[in-house]
Amino acid sequence: MASAGDPPTGPRDAADQNFDYMFKLLLIGNSSVGKTSFLFRYADDSFTPAFVSTVGIDFKDTAGQERYRTITTAYYRGAMGFLLMYDVANQESFTAVQDWATQIKTYSWDNAQVILVGNKCDLEDERVVPAEDGRRLAEDLGFEFFEASAKENINVKQVFERLVDVICEKMNESLEPSSSPGSNGKGPALGDTPPPQPSGCSC
Ligand code: GTP
Ligand code: MG
């Protein structure tokens, strides 16, 4: 039974440890670009060369296969950040970035932050997407950009940390008391999804 001091309810789950904020982040992009591998590298510091395509969806990780698209978009709501991933050795996955970006804009919270990630940068010999093209596309879309490798553990931690940083920056911006006195202090831009219980961001 909940004691008087317990928080009301909330989506705290298995990782119910000490934390100040809980953000919902999603990894999206075509099938096989490396979303699951990237998450495993970050969460577990592990990598497996076998390809087991994600069926359905799991926490923070989505399925890139077309047939799961309707389920996937249902998860966009309430996500505060996205890692939009392509594979630098797969042109089709890069071409699809535009469509994924449109999906984000259509289905997600207006202030959701997005980082474009060109994964598998260890595959230099098989590269078909120059880093410069990725950077330019990210700039056009208004996203930040990283190349990374889940396999070689390049930029994995940095990408997640940067995403959390930009979310925190955005939260602080929205919380700045620039709005008129007597307003709720939340600022005008928070949209329909409440951010996690902010009391000032320490990250
Ligand atoms: P779906 O679940 O179908 O959407 O695919 P996914 O994006 O989750 O891809 P997944 O992580 O399963 O990786 C697909 C394949 O790419 C696997 O064989 C991985 O081992 C491989 N892979 C993932 N990241 C890298 C990387 O950084 N470098 C290289 N060389 N291979 C990678
Ligand atoms: Mg997967």
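Residues numbered from 1 in each chain as written. Chains lettered and ligands numbered in written order. Predicted model: local features only at pLDDT ≥ 70, side-chain atom pairs only at ≥ 80, totals over all residues. Heavy atoms only, no water.

Draft legend 1. Geometry of the overall build of the chain. Looking only at helices and strands, the chain has six helices and six strands in total. Listing the helices and strands of the chain from first to last along the sequence gives β-α-β-β-α-β-α-α-β-α-β-α. Across the 203 residues of the chain, 40% fall into the buried class. For the chain, the share of sequence-separated contacts (at least 6 apart) that also reach a separation of at least 24 residues comes to 75%. Counting only carbon and sulfur atoms, one obtains 50% of the accessible surface of the chain, whose full area is about 11500 Å². (Helix = DSSP H or I, 4+ residues; strand = E, 2+ residues; numbered from the N terminus. Buried < 20%, exposed > 50% of the residue type's maximum accessible area, 1.4 Å probe, protein only. Contact = heavy atoms within 4.5 Å. Areas by Shrake-Rupley, 256 points an atom, 1.4 Å probe, with all protein chains shown as cover.)

Draft legend 2. Focus on the pattern of salt bridges. In the structure shown here, the tally under the stated rule is 10 salt bridges. Ionic pairing is found between E124 and R127, a salt bridge with its closest N-O pair at 2.8 Å. You can call E124 partly exposed: its relative accessible area is 46%. Owing to a relative accessible area of 22%, R127 belongs among the partly exposed residues under this scheme. Look at the salt bridges and you will find they share partners, linking E124, R127 and E147 into a network. (Salt bridge = Lys/Arg side-chain N within 4 Å of Asp/Glu carboxyl O.)

Draft legend 3. Spotlight on the pairing of strand β4 (residues 81-87). Of all seven residues in β4, seven are buried; the element is thus mostly enclosed. The alternating pattern of β4 places G81, L83, M85 and D87 and F82, L84 and Y86 on opposite faces, both of which are buried. Of the pairings in the sheet, the one linking β4 to strand β5 (residues 113-119) comprises seven bridges and is parallel in character. Paired with D87 across the strands is N119, a residue of β5. (Pairing = 2+ DSSP bridges.)

Draft legend 4. Region of interest: the site of ligand 1. Around ligand 1 sit 25 residues, and of these S31, S37, S53, T54 and G64 come closest. One nitrogen or oxygen atom from the main chain of G34 is found 3.0 Å from an oxygen atom belonging to ligand 1. Contacts to ligand 1 include P49, whose backbone N or O atom sits 2.9 Å from an oxygen atom. Protein contact buries 93% of the 660 Å² of open area that ligand 1 shows by itself. (Near = heavy atom within 4 Å. Polar contact = N/O pair within 3.5 Å; in protein donor to acceptor, adjacent residues only side chain to side chain.)

Draft legend 5. Looking closely at the packing of aromatic side chains. As enumerated under the stated definition, the model contains five aromatic pairs in all. For the pair Y76 and Y107, a centre-to-centre distance of 6.1 Å together with 85° between the ring planes defines the contact as edge-to-face. Here Y76, found in the loop between α2 (69-74) and β4, pairs with Y107, found in helix α4 (residues 97-107); they are 31 residues apart in sequence, far enough to count as distant. Owing to a relative accessible area of 0%, Y76 belongs among the buried residues under this scheme. Within the aromatic cluster, the residues linked to one another by ring pairs are F38, Y42 and F160. (Phe/Tyr/Trp six-rings, centres within 6.5 Å; stacked < 30°, edge-to-face > 60°.)

Draft legend 6. Seen up close, the environment of L39. By the secondary structure assignment, L39 is in helix α1 (residues 35-44). Between the C-alpha atoms of L39 and D61, which are 22 residues apart in sequence, the distance is 7.3 Å.

Such coordinate-based values are descriptive only and should not be taken to indicate function.
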